[in-house]
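The chain contents come next:
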Amino acid sequence: MVREFVIPLNKDDLLHSSSTDQYAVRQKVARPQIPNLVRGLSGLVNSADNSAGGPYAILANFDTLFSLLVDLQHVDRSVITSAWETCILALSKINNLVARCDLDTAPDRLRAALKMTIYVLWELMVYFENMDSTVNAIVLPKRGRKKTSGGKSTAAAANASHELSGLGVGWEWNAERVDAFQHLAALFACPHLPTLWHPPIVEDSFVNLVTKMCCKSLENAELSKANNKPCRDFISKIFAHTIGLFPNQNEEIARKMVDLLKNYEQSSTAVTDISLTLIITYDNPKFLFELVREIGSTDPSELAKDSDSTRAISQFLTEMAPRVPQLLFKYFSFLMPHFQEESHTFRSCLCTISGEVLIHLFRQQQQSGGEQQQDQSEQQKKARDELLEELQLHVHDHHANVRARAVSVLTALLQARAVPISSLVDLLKWVAPSVDDVSSNVRKNVIQFFAVFISACPFAFKYPRDEFEHLLAEEKKKLEDIESQSSKQQQRAQLITREEAEQMWEQRSASVVRAIVSLQKSAEQADGGEDKENCSFTEDASVEEDLQEQPPQVQEEDSDPPPDIATMLMGIREQLEREEYVEAARGVKRARHLFPDCPVFAAAAAANRHDSSMDESVDEEEESIARKRDLLIIHDLLKAVFIAPFAKLSVNVEPAEQEMGGGGGGFDVASLVNMNPDQIEALIQSQQTRVLLLQKSLSIQRLFTGQIVPSVVNLLGSPTQSDVTISVEFVVACVDFGLDVRPGLRSMMGLLASSDPSVRKLVVSAFQRVYFSDSTAPHQVARNLLWLACEEGGGGTLSSQLCLHNLVGEFVKLGQLGDRVINYLWEVFTLKHPDTHTHTDRVVALQIIAMAAREKKDIIKSNIDVVIRFGLQEDPSDFTMANQAINALMALSDHTTNPTTEEKFRFPETHPIVTSIVDVLVKGMTETSSLSWCEMADSGVAAMFALVQSPIRVVQEMVVKCYTRGFFHSEEAEGGPPRPMEEVNEEVARRFMTFIGNVAVRTAVFLEVNVLNEVKRKKREAENAKETARASKRAKLSTPSTKPDNKPDDTLNVSVRSRGRMSYASTVASESGELTEMTGGHNTVDEAVETIKGVCDEAMVTGEGLLAQFAPLVAACLLHIPGSSGDQHLHASAPLRAAAASALANFMMVGLNFCQEHLRLYFTLMEKEPDAVIRSNLMVFTGDLIARFPNAMDPWTPHIYARLRDRSDHVRLVCIITISQLILKEMVKVKGQISEMARCIVDHNPQIAGSARFLFDQLAQKNNALYNVLPDLISRLSVAAPPVGDRLSQKREEEQLGEAAAGPCPVETEEEEDEEKFHEIISYIIKLLPREKLSELLVDKLCQRFKVISDNERQCRDLGFVLSQLHFGDKAFNKLAENVACYAPRLKHNPDLAHYFHAILDNCRRNCKQELKNSIAELESAIEAAVRGGGEGEDEEQDESSGVDEKPPTAAAAAAGVQSESENDENMFAVPSTPASAAAGKHGEAVKRSARSTRALALSPQTSAERPVNKRPRRK
């Protein structure tokens, strides 16, 4: 008798049996005996004796295998592999017996042997899988770690695996695993397997054990690889047969699969593959139901952890969705609740699944067409709308990943056309705000959505917005007319059929015939004597005669408006109903003549012309054939008109000789009279659909033009490259579909100045796609380029023109602008092209040619005469064209040549280029009708210095000629007295001022750059020649010379004789021959620099120089400021003062002496000039002056900072930008006036506030620059400066300058700064400091300040607020506790200050370590005692020990301060705050500072802790 083998839950359960029929291990084998017994067992299994060998050998020797399983960790691994192979062999033999139904007479033995074999295989598989996972974890690199450069190859990793496992190189666990599952799959596929049990049902424990083996293997990451696909197929087969044997295993296997996903993330691929095989290959959709239900029942809190299990489940569902979307849609209700749960990973997964399901539903609807049942279609539509609505909601999810995924899924739906047209507008409105999302990934997906939306809805961009609105209004009006006419017709219409209508006609037929006969007779009588045979009643001639016989008024009415067929037929029918048959016959004749192709008349011609009533009324013998024919024709026509509405005939035709009104072929409402109710209803629905489509198209276009496009254009300036890239692609897509994105194109042009080469390349490629596609003809390329230049560069800003220049240069480098394109532009410029072109086209064509010539100089070099003739000589008064011509000629300059190594080519003074430019510039001096002269003159002066051999002489001659032409009565009057200033045209004077200022600056630049480079070049040539001579001399000598060389090599020691031979004049002869006398013949670089500096300081704008003669003229225009005292007739206009101020600044840029002499006038203008434009211009020049002459400008720094309180926002903006650039470039030291910049942080103008914040952001990144100025900044902010336009300052200005006076000069007052603004400023600045790096020093400094300030509560509160904004670490808190004596006396009478300290303690209590809790409590007790009054004695003692004089300033000091202020007000000109050599002034400033010591929070410079923190110590 064979005892039953019960598969145990634990190995120890086999040592005991619960009954006599249950198998139990009789005796464990000793460990040393196990190897021999196991190896011997292999031979027993191979034997053919089925009594104790073959598959039954396992049954007889199970105790040996059990002992092996107990001692697996202590047995050699080769023994274990031998046991595995023996069990696989036994399983194979069992399969053969079961397959042949060779169950002998005792199936119990075979069942017991099978169960024992499977159990041993399970235990060994667990051992091998665990060992394999351990080896993989050791050998293979972990995910997320970088592989080392010396990493092992695949073969090396495999060898290491075998070495670690000890299994030997010839044994592969992957192959053994596949072999095992192959045998198991064959076993479960055998239909006779259940016969081993009684009754024939496989027991659950056996099936569960096999499925556990499958799941155990699936835990291994190796099974998810592609090379293990056969193993996964065998497991799928086992699961499929298991489910076939036990249908309840669907739920069990699904649960195990989900557990695998939750616990082993690497099993996701294998689980997906097996699940799809079960569902699709083995046709088991219920398995998906169990999977989805199991996943849906997962606790949301478990998924919210966003652990590996959540990612694995999400990956599983994402991979399943495209393969089985229909089934997933049926079971999606189990997953819908998780849309509202916390796990963002799972919400992203659900969004992806929703997209796949919606795409499937759309495709299914397309394939089925109208074959689906109505109920099923409505149900799917409802579910689709709910799913789409849920997906839209997550576009605004609180997690960025979910938002990005939702938008990406909606983009895929648009691409698949799976979104209903009715939902497009709502969807676009919902997604549009996300373009400003904080996440760059979301913004990228949103812009991609917009681009796909444009391509998915091309109907919305078919017409411009204005045309859409016009079409919508027309279609709405047409719909209203159709509905109105339809309602009227329905009221008149009778519900009769065609047969009834024919019966009604039979009743009228006889009367109609008699009317026609009478009409024929009257026509014959009117013809009077003509042959009746030749008279045809229906001929066109008779109709024309009838029309001619009508009165002129009737003819005019008939001719305008033109007749309409529908209106005429409706009138004829009404006449038949009123029994006016004669008029109806006349009308039908006329209608047939005008509209012969009408379907009603065609139907009448094809109808049967036999009528019984006519036979009774007409005698054939008395009537001729022609009359009868005419009679029949008219009768049939009238009959057709009468029954047309009931015959469903259309009358929508065009007249024979003219088009109908209302647009070619358009529908006319009058045609409704010939339609039946069904046709009318269909027409109304069609018109409603058209109106709805136009409304949605207009809404889409409004959203794009009003919200979406501007937002995307703003992203073109984003610092994130992905934003820029996707925005450029979106702009190109908009251009392709005809959207107006010109602002986007302008912003793209600005990106050409980007420092990122990839961005520039992207923009160039985009413009190529937009304007220069491969299929575009050369002339069209040129036209596109002209349009682009007119739109972006023509008349635009300087930056747009520079960007356009870069774009054209890139096109030339890429070969986009070939010879044919350039020739077309030349033809446009010279008016040789057959098409007519405007003046703007000519100017822009020349501008593009000039830009292209910068990269390819031959374009201009071969056409110099063309540019001179058509650009300079054709119309000398066209300054715009002349300016572009000069710019084109400037391309001939060797701007790419290295000026220190190569000599530049220059034209002689007599060249046509020079003479033409001089003539245009001089003659245009008095042509005041055009306003472009100054720009052209500046280009002309630049061309002289770039192209001419002797530019200074030519330019000086130009200055003299312009002065003579503008300030003398005539050119012949040269040498006579100049005109008085009052008689000179102000426009001419303004031009001259601008001209001489430009000449001064460009002359200085020429001397300091071009001349100096020429000196360096000549010096290098001389050195090279000398070196060549020495080399040749050494080559001739056989031995080196020992004679010392007494001649110095350094050219700085050139003798006087050599200096005379090699003069400086000869060095710069090729540049400027007239410089010989200026430079004095020096030929070294240092001497040249000093000579040029002396020329600029003493010989150009001062002394006997030409420009120096005009300096008094410039000053005369500026000395009399409007609003000040003096003769009113001496005041110049604002444009003239602006030009004079510009000339003054340019003169000051040239020479230091001139600059120092006119600084008072300069800053007086900047403070008291009423025109804000002039003040802002001077502020810009101030930055240049500081960069050129920093020492001269330093005493005037307070006047520069004073412009931060100017009344004009523009002046203040220019001022803060200028000062910021000077500070960041370290041209100006950060001094106490930085507080004025800090006040701008809270300025009402957002641009000014943004510029101030930018400055402090940059200062925070420069070592300790911000920390060093912070104490002084706090001191000055705590003492308020006067608000702009205070009463005292305003009264003074009204008295001196009038109501149009400028902003006040910087005067200190005692008014307090608004405390809220102070808090905002300090909060912003403190956030920029390092959290702990400098807090300790700041706490010490601020606490010490409580000892020296007065009893001003506001100052105490400010210090307390600053302390509360700092980050308190351990060290900072210790400093606060050490200085408690400094601030404790101030707490009693200042509750706000106590509040700040309590806030500090609360903050410290939360952030400090546990060791400081006691110290915090002690400090809190001390503060409470001081608040209650315990610190009064300390207060008195502190006051005595501090030694600070709290007395108010003396009367003498106050009087001195008032006197100095009054004297400054009375003086018209501004003065520097600290004159260079005025000891008395310094003493006065000291007195003022001592007077203000009690109201300023200036920190004492004597405290060591208050010194600026520097990383590097000063060198001694």
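Residues numbered from 1 in each chain as written. Predicted model: local features only at pLDDT ≥ 70, side-chain atom pairs only at ≥ 80, totals over all residues. Heavy atoms only, no water.

Brief notes about the overall build of the protein chain
- Looking only at helices and strands, one finds 70 helices and 0 strands in the protein chain.
- Relative to its 1516 residues, the protein chain shows a buried fraction of 48%.
- Here the analysis covers contacts within the protein chain between residues at least 6 apart in sequence; of these, 76% occur between residues at least 24 apart.
- Carbon and sulfur atoms form 49% of the exposed surface of the protein chain, whose accessible area is close to 74400 Å². (Helix = DSSP H or I, 4+ residues; strand = E, 2+ residues; numbered from the N terminus. Buried < 20%, exposed > 50% of the residue type's maximum accessible area, 1.4 Å probe, protein only. Contact = heavy atoms within 4.5 Å. Areas by Shrake-Rupley, 256 points an atom, 1.4 Å probe, with all protein chains shown as cover.)

Some words on helix α53 (residues 1172-1188)
- The terminal C-alpha atoms of α53, which comprises 17 residues, lie 25 Å apart, in line with the 24 Å expected from a rise of 1.5 Å per residue.
- Residues of α53 that are buried: Ile1174, Arg1175, Ser1176, Leu1178, Met1179, Phe1181, Thr1182, Gly1183, Leu1185 and Ile1186.
- Contacts from the buried residues of α53 go to α50 (1134-1150), α51 (1152-1157), α52 (1159-1168), α54 (1190-1193), α55 (1197-1202) and α56 (1209-1224).
- Of the residues flanking the start of α53, the one acting as N-cap is aspartate 1171, its side-chain oxygen 3.1 Å from the backbone nitrogen of valine 1173. (Expected span 1.5 Å × (residues − 1). Polar contact = N/O pair within 3.5 Å; in protein donor to acceptor, adjacent residues only side chain to side chain.)

A closer look at the nonpolar core
- If you look at the biggest cluster of nonpolar residues, it comprises 386 residues, and the most contacted ones within it are Phe450 and Phe704.
- Excluding residues within four positions of it along the chain, phenylalanine 704 makes contact with Leu428, Phe450, Phe453, Ile454, Phe461, Val709, Pro710, Phe730 and Leu739.
- Ile516, Ile633, Ile634 and Val641 belong to the second-largest nonpolar core, a separate cluster that totals 27 residues. (Core = buried A, V, L, I, M, F, W, Y, C linked by side-chain atoms within 4.5 Å.)

A few points about the packing of aromatic side chains
- Summed over all chains, the structure comprises 38 aromatic pairs.
- Ring plane angle 70 degrees and centroid distance 5.2 Å describe the contact between tryptophan 84 and tryptophan 173, whose orientation is recorded as edge-to-face. Taken as a pair, tryptophan 84 in helix α4 (residues 77-99) and tryptophan 173 in helix α7 (residues 173-189) lie far apart in primary sequence, 89 residues in all. A single burial state applies to tryptophan 84 and to tryptophan 173, both of which are buried.
- Seen from their ring centres, tyrosine 963 and phenylalanine 1110 are 5.1 Å apart, and the 65 degrees between their planes marks the pair as edge-to-face. Of this pair, tyrosine 963 sits in helix α43 (residues 951-967) while phenylalanine 1110 is found in the loop between α48 (1085-1100) and α49 (1111-1119), placing the two residues 147 residues apart along the sequence. (Phe/Tyr/Trp six-rings, centres within 6.5 Å; stacked < 30°, edge-to-face > 60°.)

Thoughts on the packing of helix α42 (residues 933-947) against α43
- As a packed pair, α42 and α43 sit with axes 8 Å apart at the nearest point and diverge in direction by 150 degrees. In this view, α42 runs roughly antiparallel relative to α43, as classed from their interaxial angle. For the element pair α42 and α43, the recorded crossing hand is right-handed. Between α42, through Trp933, Met944 and Phe945, and α43, the contact on the second element is made entirely by Pro951, Ile952, Val954, Val955, Met958 and Cys962.
- Considering only residue class, the contact of α42 with α43 consists of 9 nonpolar, no polar and no charged. (Axes fitted to C-alpha atoms, helices over the stretch in contact; angles between N-to-C directions. Parallel < 35°, antiparallel > 145°, perpendicular 65-115°, else oblique. Left-handed = near helix turned anticlockwise from the far one by under 90°. Nonpolar A, V, L, I, M, F, W, Y, C, P; charged D, E, K, R; others polar.)

Details of the side chain of glutamate 123
- Mapped onto the elements, glutamate 123 comes out in helix α5 (residues 107-139).
- Beyond its immediate chain neighbours, meaning those up to four positions away, glutamate 123 contacts Lys11 and Leu69.

Focus: unusual backbone geometry
- Residues histidine 198 and proline 199 are joined by a peptide bond in cis, for which omega reads -5 degrees.
- As for its position among the elements, proline 199 is in the loop between α7 and α8 (204-218).
- Its identity as a non-glycine residue notwithstanding, aspartate 283 has a phi of 50 degrees, on the positive side.
- Here aspartate 283 lies in the loop between α11 (268-281) and α12 (285-296).
- When its relative accessible area of 62% is taken as the criterion, aspartate 283 is described as exposed.
- Its identity as a non-glycine residue notwithstanding, glutamate 1226 has a phi of 60 degrees, on the positive side.

Some details on the packing of α7 against helix α9 (residues 229-245)
- Their axes nearest at 9 Å, the elements α7 and α9 cross at an angle of 25 degrees. Considering the angle they form, α7 stands roughly parallel to α9. Between α7 and α9 lies a crossing whose hand is left-handed. Every residue of α9 that contacts α7 at Arg177, Val178, Phe181, Gln182, Leu184, Ala185, Phe188 and Ala189 is listed here: Cys231, Phe234, Ile235, Lys237, Ile238, His241, Thr242 and Leu245.

Here we look at the environment of isoleucine 996
- Relative to the elements of secondary structure, isoleucine 996 occurs in helix α44 (residues 986-1036).
- Sequence separation between isoleucine 996 and leucine 1107 is 111 residues, and the spatial gap between their C-alpha atoms is 7.2 Å.

Brief notes about the confidence of the model for the protein chain
- Taken residue by residue, the protein chain gives an average pLDDT of 76. The fraction at 70 or more is 73%.
- When pLDDT is averaged over each helix and strand of the protein chain, the minimum, 30, is found for helix α45 (residues 1056-1061) and the maximum, 93, for helix α18 (residues 400-415).
- Across residues 529-560 the pLDDT falls below 50, and counting only partners more than four positions away or on other chains, this stretch makes 31 contacts in the model. (pLDDT = per-residue confidence, 0-100.)

A word on α56
- For α56, spanning 16 residues, the distance from its first C-alpha to its last is 22 Å, which sits close to the expected 22 Å at 1.5 Å a residue.
- For α56, the full list of buried residues reads Val1211, Arg1212, Leu1213, Val1214, Cys1215, Ile1216, Thr1218, Ile1219, Ser1220, Leu1222, Ile1223 and Leu1224.
- Elements that come into contact with the buried residues of α56 comprise α53, α55, α57 (1234-1239) and α58 (1246-1260).
- Of the residues flanking the start of α56, the one acting as N-cap is serine 1208, its side-chain oxygen 3.3 Å from the backbone nitrogen of histidine 1210.
- Count one or two residues on from α56 and you reach glutamate 1226, which has phi positive near 60 degrees.

Let's talk about the pattern of salt bridges
- One pass over the full model with this rule turns up 47 salt bridges.
- Between glutamate 469 and arginine 465 there is a salt bridge whose closest N-O contact spans 3.7 Å. Here the residue glutamate 469 and the residue arginine 465 both occupy positions in helix α21 (residues 465-492), the gap between them amounting to 4 residues, near one helical turn.
- Taking the shortest distance from any N to any O, the salt bridge between arginine 842 and glutamate 874 comes out at 3.0 Å. (Salt bridge = Lys/Arg side-chain N within 4 Å of Asp/Glu carboxyl O.)

Description of the side chain of threonine 117
- Take threonine 117: it is sitting in helix α5.
- In this view, threonine 117 contacts Ile58, Cys87, Ala90, Leu91 and Ile94; residues no more than four positions away in its chain are not counted.

Things to note about the environment of lysine 1016
- Structurally, the position occupied by lysine 1016 is in helix α44.
- Remark: the alpha-carbon pair of lysine 1016 and valine 1085, spanning 69 residues in sequence, is separated by 6.6 Å.

Digging into the environment of tyrosine 264
- In this structure, tyrosine 264 sits in the loop between α10 (249-263) and α11.
- Through-space distance from the C-alpha of tyrosine 264 to that of serine 309 is 7.2 Å; in sequence the pair is 45 residues apart.

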